[in-house]
Amino acid sequence: MSSTASDSGLREPVYRTVTPGYGSHEDTSMDVIGWIVLLGILTLLFPLLPLFLAVVLVGKAVSAVRSQTGSSA
């Protein structure tokens, strides 16, 4: 009984399937769709940016006034 280094005694797993094996590949079409969706969202939300900034600035101003007057509501 001689054992070679390449023979480990383990068998290769056998998969019984009718579909061909899957090889990894780049998915450029999904990348393009993702960029289109991102640009669409940015295009729709960009006009709301000034309103968002106004709400944040008003909130900070109210917070600063409350901290100076010492009142907490």
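Only a predicted model underlies this, so the values are computations on that prediction, with no experimental measurement involved. (Residues numbered from 1 in each chain as written. Predicted model: local features only at pLDDT ≥ 70, side-chain atom pairs only at ≥ 80, totals over all residues. Heavy atoms only, no water.)

Further remarks concern the overall build of the chain. Across its full length, the chain carries 2 helices and 0 strands. Looking at the 73 residues of the chain, the share that counts as buried comes to 0%. Total accessible area on the chain is roughly 7500 Å²; 67% of this is exposed by carbon and sulfur atoms. (Helix = DSSP H or I, 4+ residues; strand = E, 2+ residues; numbered from the N terminus. Buried < 20%, exposed > 50% of the residue type's maximum accessible area, 1.4 Å probe, protein only. Areas by Shrake-Rupley, 256 points an atom, 1.4 Å probe, with all protein chains shown as cover.)

Okay, helix α2 (residues 49–69) next. Its 21 residues place the ends of α2 30 Å apart at the C-alpha level, agreeing with the 30 Å of an ideal helix rising 1.5 Å per residue. Of all 21 residues in α2, 0 are buried, a share of ten percent or less. Immediately downstream of α2, the backbone of Gly70 shows phi near 85°, a positive value. (Expected span 1.5 Å × (residues − 1).)

This brings us to a nonpolar patch on the surface. Where nonpolar side chains cluster on the molecular surface, the patch consists of Met30, Ile33, Val37, Ile41, Leu44, Leu45, Leu48, Leu51 and Val55 and spans about 890 Å² of accessible area. When contributions to the nonpolar patch are tallied by element, the ones reaching two or more residues are α1 (28–45) and α2. Per-element tally for the nonpolar patch: the top contributor is α1, with 6 residues. If you trace the backbone, Leu51 turns up in helix α2. (Patch = residues over 30% accessible without salt bridge, like charges linked within 9 Å, V, L, I, M, F, W, Y side chains within 5 Å. Salt bridge = Lys/Arg side-chain N within 4 Å of Asp/Glu carboxyl O.)

Distances and angles like these do not, on their own, reveal function.
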